[in-house]
Amino acid sequence: MSAVGSGGARRKGGDKVVHHASGRLQMARRYVFTSESVTEGHPDKICDQVSDAVLDALLAQDPASRVACETVVNTGLCLITGEVTTTARVDFNTLVRGVIERIGYSGARAGGFDANSCAVLVALDQQSPDIAQGVNEADDHDGDPLDLIGAGDQGIMFGYACDETPELMPLPISLAHRLARRLAEVRHNGTLGFLLPDGKTQVSVVYEDDLPVAIDTILISTQHTAEIALPDGSVISEEKALRERIAADLWSHVVEPATSDLSLRPSQESTRFLVNPTGKFVVGGPQGDAGLTGRKIIVDTYGGYARHGGGAFSGKDPTKVDRSAAYAARYVAKALVAAGLASKAEVQLSYAIGVAKPVSILVESFGTGALADADLTALVQEHFDLRPGAIIETFGLRQLPQQRGGRFYQDVAAYGHFGRSDLDLPWENVEAIAATLKQVTASRIAA
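Just so we're clear, the structure is a prediction, and the values are computed from it rather than from any experiment.

Cut-offs used in this document
- Residues numbered from 1 in each chain as written.
- Predicted model: local features only at pLDDT ≥ 70, side-chain atom pairs only at ≥ 80, totals over all residues.
- Heavy atoms only, no water.
- Salt bridge = Lys/Arg side-chain N within 4 Å of Asp/Glu carboxyl O.
- Helix = DSSP H or I, 4+ residues; strand = E, 2+ residues; numbered from the N terminus.
- Buried < 20%, exposed > 50% of the residue type's maximum accessible area, 1.4 Å probe, protein only.
- Polar contact = N/O pair within 3.5 Å; in protein donor to acceptor, adjacent residues only side chain to side chain.
- Contact = heavy atoms within 4.5 Å.
- Core = buried A, V, L, I, M, F, W, Y, C linked by side-chain atoms within 4.5 Å.
- Pairing = 2+ DSSP bridges.
- Axes fitted to C-alpha atoms, helices over the stretch in contact; angles between N-to-C directions.
- Expected span 1.5 Å × (residues − 1).
- Phe/Tyr/Trp six-rings, centres within 6.5 Å; stacked < 30°, edge-to-face > 60°.
- Parallel < 35°, antiparallel > 145°, perpendicular 65-115°, else oblique.
- Left-handed = near helix turned anticlockwise from the far one by under 90°.
- Nonpolar A, V, L, I, M, F, W, Y, C, P; charged D, E, K, R; others polar.

(A) Region of interest: the pattern of salt bridges. Under the defined criterion, the tally for this structure stands at 23 salt bridges. Between Lys-200 and Glu-36 there is a salt bridge; the shortest N-O distance is 3.7 Å. Residue Lys-200 is found in strand E9 (residues 195–208), and its partner Glu-36 is found in strand E4 (residues 30–38); the two are separated by 164 residues along the sequence. Overall, the relative accessible area of 26% leaves Glu-36 in the partly exposed class. Among the ionic pairs, Asp-44 bridges to Arg-295, the shortest N-O distance being 2.9 Å. Here Arg-295 lies in the loop between strand E14 (291–292) and helix H7 (297–300) and Asp-44 lies in helix H1 (residues 43–61), a separation of 251 residues in the sequence. For Arg-295, a relative accessible area of 43% translates into the label partly exposed. Each of the salt bridges in this network shares a partner with another, and the network as a whole consists of Asp-44, Arg-295 and Lys-296.

Listed below in structure tokens is the structure:
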């Protein structure tokens, strides 16, 4: 696949000269953008899943639970800590071990982090009453029930959408997640029996005039066994041979199936493919690196393609606007793009602790808007209720774990919180609101 299209000549440095009907020459902007993802067995992602499993378990029993759960993993150790206010009764030890086992860290292949033998330490305290009073009764409430819930903290949140993919996500992070999910799938179903839980993917996409035109590089780093047994009974153990076999199997069983339905696909002729560049990756997971909740916030969102307010998601109940308002901002941005009001949309929200209404709302369309950004911002203010109580009610964020059999948040804790075609996420369902936005703006756009 070539990054060079028709209609222009390439100049030194990679830019393309576009010939316009007016006779003017204009340089097409060409660049490469890269995003990464990680598998569910990455140490930080183990922590995100454990923290969200705790949240799921508490909300399933007590939807009004207040939760701020952090997890730490290291060789032979999983610690959960933070603040919780709930009437739920949960066996945290069993819960944590179950999450670790489902990821794949159990038995002889687990290395130094085994669900059955690792130490599980629980150090959860009650939420500060100073925080609770502002969340329980907002400073700016006027009797409206949705005004009663104040933001759980101050902060800024961003949501983003673009028309590069069907799910309205940037292509680099979408591809990175596809590869990471497929990597886990072929491990779990036994297709590639040498794979172990820890892994990372990275995709570099070539853009011309802000449109993706080629896949430049794919990088996969995956934990594996020290030897690969072949069907004929022979064993591969030499490092170079191991790496070559892993690379060949990953291309045929991960890369090709994960991208087969795309119009823009990688090819062995033009896409650079890197696998385990250090040579081998046998020691991984918490035995190789300690993990901590909330250290993969760019993987969780837009792969660096859009701005990030800095707050993590996992382990936080819906009153924490770091999580719920980021979901709402994605919902708003996706609705604007789905309605045809912009090709790209970024929404910033800001909140004050204990105050229900957002401090500020801003829409940026990067010059792609059918209306001015100020008009898009006014449209959002008119048609979206972005108070924490309203966000919680609109998406049913407190009831989802109970409605989905005791697990919801742990399912979004790996492979991204947005653009998930494999999950039914309420903040991704924008058809109705997009239709409304399209209808109320039709006359203004036509004019």
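Let's pick the thread back up.
(B) Expanded view of the side chain of Glu-346. Within the secondary structure, Glu-346 is located in strand E15 (residues 344–351). One polar contact links Glu-346 to Arg-307, side chain to side chain, over a distance of 2.5 Å. With residues near it in sequence (within four places) discarded, Glu-346 still touches Phe-158, Gly-159, Tyr-160, Ala-306, Arg-307, Leu-362, Val-363, Glu-364 and Phe-366.

(C) Local environment of the nonpolar core. Counting residues in each nonpolar core, the largest one holds 109 residues, and the members touching the most others are Leu-250, Tyr-327, Leu-336, Phe-384, Leu-386, Trp-427 and Leu-437. At 12 residues, helix H8 (residues 321–338) tops the list of elements feeding residues into this core. For Leu-386, the contacting residues outside a window of four places in its chain are Ala-328, Val-332, Leu-349, Tyr-351, Ala-356, Pro-358, Ile-361, Val-380 and Ile-391.

(D) Fine view of the sheet that holds E15. Taken together, three strands build an open sheet; the order of strands is E8-E15-E16 and the sheet is antiparallel. The strands lining the two open edges of the sheet, one partner per strand, are strand E8 (155–162) and strand E16 (360–364). Pairwise comparison of adjacent strand axes, ignoring direction, gives a mean angle of 15° for this sheet. Bridge count for E15 against E16 is five bridges, and the pairing is antiparallel.

(E) Region of the structure containing H1. Given a rise of 1.5 Å per residue, 19 residues ought to cover 27 Å, and the 28 Å separating the end C-alpha atoms of H1 matches this to within 8%. Within H1, 17 of the 19 residues are buried, which leaves it mostly tucked inside the rest of the structure.

(F) Region of the structure containing the sheet that holds E4. One open sheet holds the four strands; their spatial order is E4-E9-E10-E13, and the pairing between them is mixed. Lying at the two open borders of the sheet, with one neighbouring strand each, are E4 and strand E13 (272–275). Each adjacent strand pair in this sheet contributes to an overall mean axis angle of 15°, direction not counted. By the bridge criterion, 11 bridges tie E9 to strand E10 (residues 211–224) in an arrangement that is antiparallel. Each residue of the ladder has a partner; that of Val-205, found in E10, is Ile-215. Taken strand by strand, helix H4 (residues 171–188) contacts E4, E9 and E10, and its axis lies near 155° from that of E9.

(G) Main features of the packing of aromatic side chains. The full count for this structure, using the stated rule, is 18 aromatic pairs. On the numbers, 5.6 Å between centres and 65° between planes, the contact of Phe-313 with Tyr-327 is edge-to-face. Placement of Phe-313 in the loop between H7 and H8 and of Tyr-327 in helix H8 is noted, with a sequence separation of 14 residues between them. The two residues Phe-313 and Tyr-327 agree in class, both being buried. Consider the rings of Phe-408 and Tyr-409, whose centres lie 5.0 Å apart with planes at 80°: the pair is edge-to-face. Residues Phe-408 and Tyr-409 agree in their burial class; the two are buried.

(H) Broad picture of the packing of H8 against helix H13 (residues 431–446). Running from amino to carboxyl end, H8 crosses H13 at an angle of 55°, the nearest separation of the two axes being 8 Å. Overall, the two elements H8 and H13 adopt an arrangement that is oblique. The two elements H8 and H13 meet at a crossing, and its hand is right-handed. In this structure, H8 contributes Tyr-331, Ala-335, Leu-336 and Ala-338 to the contact, and H13 contributes Ile-433, Ala-434, Leu-437 and Lys-438.

(I) Representation of the packing of H1 against helix H2 (residues 92–103) within the structure. For the pair H1 and H2, interaxial distance at closest approach is 10 Å and the crossing angle is 135°. In terms of orientation, H1 and H2 fall into the oblique class. Crossing hand, H1 versus H2: right-handed. Contact residues: H1 offers Ile-46, Gln-49, Val-50, Ala-53, Val-54, Ala-57 and Leu-58, while H2 offers Phe-92, Leu-95, Val-96, Val-99 and Ile-103. Looking at side-chain class alone, the contact of H1 with H2 contains 11 nonpolar, one polar and no charged residues.

(J) Focus on the environment of Gly-199. Topologically, Gly-199 is positioned in strand E9. Between the alpha carbons of Gly-199 and Glu-40 there is a distance of 8.1 Å; along the sequence they are 159 residues apart.

(K) A look at unusual backbone geometry. The phi dihedral of Asp-209 falls on the positive side, at around 50°, and the residue is not glycine. Here Asp-209 is to be found in the loop between E9 and E10. For Asp-209, a relative accessible area of 42% corresponds to the partly exposed category. Positioned with a positive phi, Asn-276 is a non-glycine residue whose angle comes to about 40°. Along the chain, Asn-276 falls in the loop between E13 and helix H6 (285–288). Given a relative accessible area of 3%, Asn-276 falls into the buried group.

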